[in-house]
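Structural description and commentary
Single-letter residue listing:
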Amino acid sequence: MCGIVGAIAQRDVSPILLEGLRRLEYRGYDSCGVCTVSDGGFNCVKTVEKVQALTAKVQQHPCPGRLGIAHTRWATHGGPSETNAHPHIVGNLAMVHNGIIENFAQMKEELLKAGYAFKSQTDTEALLARIHFLHAKQGLPLINAFAKALSEVKGSYALALIDRDHPETLYVARQGSPLVIGLGIGENFAASDVLALLPVTRRFIYMKEGEIAALTTSEVKLYDLSLNPLHAEIAESDLDAESISKGKYRHFMQKEIFEQPEALASTMMGRLSGDRVDLSSVAGFSKAALSDIDSIKIVACGTSYHAGLVGKYWLEELAGISTSVEIASEYRYRKAVVKPHSLFVTISQSGETADTLASLRLAKKQGYAATLCVCNVSASSLMRESDFSLMTRAGAEIGVASTKAFTTQLLCLLLLTVYLGALRGALSPEREKEITSAIRALPEAARAVLSGDERVSRLAEEFAGKHHCLFLGRGIMYPIALEGALKLKEISYIHAEGYAAGELKHGPIALIDDKMPVVVVAPDNALLSKLESNIEEVRARGGRLCVFSQGAGSLREDPQTEILTLPPAPAILQPILFTLPLQLLAYHCAVINGTDVDQPRNLAKSVTVE
Ligand code: F6R
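In what follows, the accompanying structure is described. Predicted model only: the values in this text are computed from it and were never measured.

Brief notes about the side chain of Ser 549
Looking at the secondary structure, you find Ser 549 in strand E26 (residues 544–549). A relative accessible area of 2% means that Ser 549 is categorised as buried. If sequence neighbours within four positions are ignored, Ser 549 has contacts with Ala 522, Leu 555, Ile 563, Leu 564, Thr 565, Leu 566 and Phe 578.

Structural data, given as structure tokens:
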């Protein structure tokens, strides 16, 4: 959730740290800070504003020094304030932290007795004081004090620690929150995400759980928590520094919506072979392991969970595989019955979502035949810990609201469905051919839908000043209605709920009046006539309708009903294509409402705490 950066170099590191923070701001943005070492002292600057404000503040109060750490925060313990913002300082030590120290209260109590005083309400300051106690009061070398304190921790952390009296080393550690080490020439770095370090290096060590590292300008030493040396594997990133520029767009979210045709093309690349879907070359995929699968459990959070719900419709209908979908924060705390020959699937943009990762770790002990993740970040924890992985290849997604990650997750699930369906003989070669040719047409079809942006932006004006909104869909479009509602509420702050249209009369219809727009996702499919009856129920009660259709059925515009017609496209693509105008609608509503589109309040992109 928070973003951390650290650097040790033969030049001033504050520009590297501030640029790193700017690139990590998607992870949390309620306060931020930077701390460097020069002339045996700390230079520490913090703000409860965004990184841009911190950069301006650093111009007023420069932070020289060749060793430094920085942090952008998503508050867990203690509200956003300069005192609670990181880096925290105790004596000669300063530290930044992403994660939660669950036993910090107990640690703090003991340290209070030992004479420590605390400035902040954070768990981080308690852990830092514990490290300080072991180092300064009990005489352990700093790395030993660091390792000992971490072995006492219950919870999760990615940490960067510096000592103003020994500015030749940067210490980092990881358990449950992501951390990468970036390797430069005569300089080394650490950060929560490679994106932060792309301007300075492409060579990375992805730290694993329970690892500690000591970085100097010339070397990186990696250890386990008992300080046994470990071998570090170096990987080259193929992301470029430009992946986090907005280009010609006003917001990252807008850019990412319009990148979807290319993202989808890249998702399918190398996975279609003639009239067939071929996933045999996908990392780790083994036909033998997959052909026996006769049930699937999908576990994910938020938007990725909605992708799973769509996947269930496809997997059951096309591949004949019994599928259930669960929210990760629920799954991890209940006792599930695991069917034999069952595949466990996680879906995640970041691959670091704490609840999804915990569910995977639980599933590995529960007797599933195999685990598979659908994920956008290579080298993420989910990718590393799953038996098989299907990369979505959407490219870096910076806007907090997930857009291209969602549609590429859907495409991956469709590819998986067709692959499994064919493997099991549930899908005829003719149907497989039909679907693969539809998939090939998807980028162009997505481009055609996105070309209707102006119409959607006019429609968004209808939502100005509205406080509530319903999204309705039936069948496979029900999860798309859920996703449309989530997108609208999270970035425009208009309260929105998604419903299966058939559920309307079981409660939500009581809400219908002329002040609450009802958005209906109404493609040309077998359930259209049923959906039309639900639309009539809304119309009869004076509701205002905004219908996304394909011009089929008896739907007509009238003063109560606005219809936005999407170009014709193969039915199998409807869930993906109908998502696009809903993303645009949410985007334009947010712009009209003047919210911070890419960094909506209270949210963070990567939810690495439960
Ligand atoms: C909503 C959104 C979130 C994420 C959720 C899971 O737009 O982005 O609901 O989908 O936090 O994140 P990942 O997919 O990274 O596991």
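Moving on from the coordinates now.
What to know about helix H3 (residues 104–113)
Since the α-helix packs 3.6 residues into each turn, any two residues three or four apart lie on the same face. Burial in H3 covers these residues: Phe 104, Met 107, Lys 108 and Leu 111. Each buried residue of H3 lies within a common arc of 100 degrees when the element is viewed along its axis, so the set occupies one face. Those residues of H3 that are buried lie in contact with strand E6 (93–101) and helix H4 (123–137). Positive phi shows up at Gly 115, right after H3, with a value of about 100 degrees.

Some thoughts on unusual backbone geometry
Residue His 86 is joined to Pro 87 through a cis peptide bond whose omega torsion reads -5 degrees. Turning to its location among the elements, Pro 87 is positioned in the loop between strand E4 (67–73) and strand E5 (88–90). For Ala 379, which is not a glycine, the phi torsion comes out positive at approximately 70 degrees. Relative to the helices and strands, Ala 379 is located in the loop between strand E21 (370–375) and helix H12 (381–385). With relative accessibility at 26%, the residue Ala 379 sits in the partly exposed group. Positive phi, normally seen in glycine, also occurs at Tyr 493, with a value near 65 degrees.

Concerning the pattern of salt bridges
Tallied over the full model, the rule gives 34 salt bridges. Measuring nitrogen to oxygen at the nearest pair gives 3.4 Å for the salt bridge that ties Lys 505 to Glu 537. Highlighted residues: Lys 505 in the loop between strand E24 (495–500) and strand E25 (517–522) and Glu 537 in helix H18 (residues 528–539), separated in sequence by 32 residues. Its relative accessible area of 17% is what places Glu 537 among the buried residues.

Quick word on the sheet that holds strand E14 (residues 229–230)
One open sheet accounts for seven strands, arranged E5-E6-E7-E8-E12-E13-E14; its pairing is antiparallel. Since the sheet does not close on itself, it has two edges, and those belong to E5 and E14, each with one partner. As paired strands, strand E12 (residues 211–215) and strand E13 (residues 220–224) are joined by five bridges and run antiparallel to one another. The residue bridging Glu 211 from the neighbouring strand is Asp 224, located in E13. Here H4 sits on the sheet and contacts E5, E6 and strand E7 (155–163); the angle it forms with E6, its principal contact strand, is near 130 degrees.

Notes on the packing of aromatic side chains
One pass over the structure, following the stated rule, counts six aromatic pairs. Taking 6.4 Å as the distance between ring centres and 45 degrees as the angle between the ring planes, the aromatic pair formed by Phe 204 and Tyr 206 counts as tilted. Centre to centre, the rings of Tyr 249 and Phe 258 are 5.8 Å apart; their planes meet at 15 degrees, and the pair counts as stacked. Tyr 249 sits in the partly exposed class, given a relative accessible area of 23%. You can call Phe 258 partly exposed: its relative accessible area is 22%. Aromatic rings pair up to connect Tyr 331, Phe 344 and Tyr 368 into one cluster. The residue whose ring lies beneath Lys 108 is Phe 118, and the NZ or CZ to ring-centre distance is 5.1 Å.

Some words on the layout of surface pockets
The space that makes up the largest pocket amounts to roughly 860 Å³. Every residue lining the largest pocket is counted, 42 residues in all, and those nearest its centre are Val 194, Leu 239, Asn 376, Val 377 and Ser 378. When residues of the lining of the largest pocket are traced back to their parent elements, those giving at least two are strand E15 (235–236) and helix H7 (260–268). If one sorts the elements of the lining of the largest pocket by residue count, H7 sits on top with three residues. Among the residues forming the lining of the largest pocket, the class breakdown is 17 nonpolar, eleven polar and 14 charged. Shared between two domains, the lining of the largest pocket holds at least three residues of each, these being domain 1 (3–243) and domain 2 (246–440).

Remarks on the site of the ligand
The environment of the ligand is made up of 14 residues, and the closest members are Ser 304, Ser 348, Gln 349, Thr 353 and Glu 490. Between an oxygen atom of the ligand and a side-chain N or O atom of Ser 350, the distance comes to 2.7 Å. Here an oxygen atom of the ligand and a side-chain polar atom of Thr 353 are 2.5 Å apart. Protein contact buries 90% of the 410 Å² of open area that the ligand shows by itself. The cavity that encloses the ligand is the second largest pocket. Elements with a contribution of two residues or more to the shell around the ligand: helix H9 (302–318) and helix H17 (478–492). Considering each element in turn, the shell around the ligand owes the most residues, three residues, to H9.

What to know about helix H13 (residues 404–423)
Helix length check: H13 (20 residues) gives 28 Å between terminal C-alpha atoms against 28 Å at 1.5 Å per residue, within 8%. Backbone geometry just downstream of H13 places Gly 425 in the positive-phi region, at approximately 75 degrees.

Observations regarding the nonpolar core
Core analysis: the biggest nonpolar cluster contains 89 residues, and Trp 314, Phe 471, Phe 548 and Leu 585 have the highest contact counts within it. Mapping this core onto the domain boundaries places at least three of its residues in each of domain 2 (246–440) and domain 3 (450–597). The contacts of Leu 585, once residues within four sequence positions are left out, are Val 456, Leu 459, Ala 460, Phe 463, Phe 471, Val 519 and Phe 548. One finds Tyr 116, Ile 131, Leu 142 and Ala 173 within the second-largest nonpolar core, a separate group that totals 32 residues.

Here we look at the environment of Arg 455
Along the chain, the position of Arg 455 falls in helix H16 (residues 453–461). On the accessibility criterion, Arg 455 (29% relative accessible area) is partly exposed. For the pair formed by Arg 455 and Thr 565, sequence separation is 110 residues and the distance between their alpha carbons is 9.8 Å. Aside from chain neighbours lying at most four places away, what touches Arg 455 is Glu 557, Glu 562, Ile 563, Leu 564 and Thr 565. Separated by 3.5 Å, the side chains of Arg 455 and Glu 562 make a polar contact.

Looking at the pairing of strand E18 (residues 295–300)
Buried residues dominate E18, accounting for six of its six residues. Burial along E18 is two-sided: Ser 295, Lys 297 and Val 299 facing one way and Ile 296, Ile 298 and Ala 300 facing the other are all buried. Pairing geometry for E18 and strand E19 (residues 322–327), over six bridges, is parallel. Bridging from a neighbouring strand, Val 299 pairs with Glu 326 of E19.

Criteria and thresholds
- Residues numbered from 1 in each chain as written.
- Predicted model: local features only at pLDDT ≥ 70, side-chain atom pairs only at ≥ 80, totals over all residues.
- Heavy atoms only, no water.
- Helix = DSSP H or I, 4+ residues; strand = E, 2+ residues; numbered from the N terminus.
- Buried < 20%, exposed > 50% of the residue type's maximum accessible area, 1.4 Å probe, protein only.
- Contact = heavy atoms within 4.5 Å.
- Arc of directions from axis to C-beta.
- Salt bridge = Lys/Arg side-chain N within 4 Å of Asp/Glu carboxyl O.
- Pairing = 2+ DSSP bridges.
- Axes fitted to C-alpha atoms, helices over the stretch in contact; angles between N-to-C directions.
- Phe/Tyr/Trp six-rings, centres within 6.5 Å; stacked < 30°, edge-to-face > 60°.
- Lys NZ or Arg CZ within 6 Å of the ring centre and 35° of its normal.
- 1 Å grid on protein atoms, 1.4 Å probe; cavity = no way out; pocket = protein on both sides within 12 Å on 5 of 7 lines; lining within 4 Å.
- Points joined across faces, edges and corners; volume = space filled by probe spheres on them.
- Nonpolar A, V, L, I, M, F, W, Y, C, P; charged D, E, K, R; others polar.
- Domains from an automatic or database assignment.
- Near = heavy atom within 4 Å.
- Polar contact = N/O pair within 3.5 Å; in protein donor to acceptor, adjacent residues only side chain to side chain.
- Areas by Shrake-Rupley, 256 points an atom, 1.4 Å probe, with all protein chains shown as cover.
- Sits in = over half its atoms within 2 Å of the grid points.
- Expected span 1.5 Å × (residues − 1).
- Core = buried A, V, L, I, M, F, W, Y, C linked by side-chain atoms within 4.5 Å.

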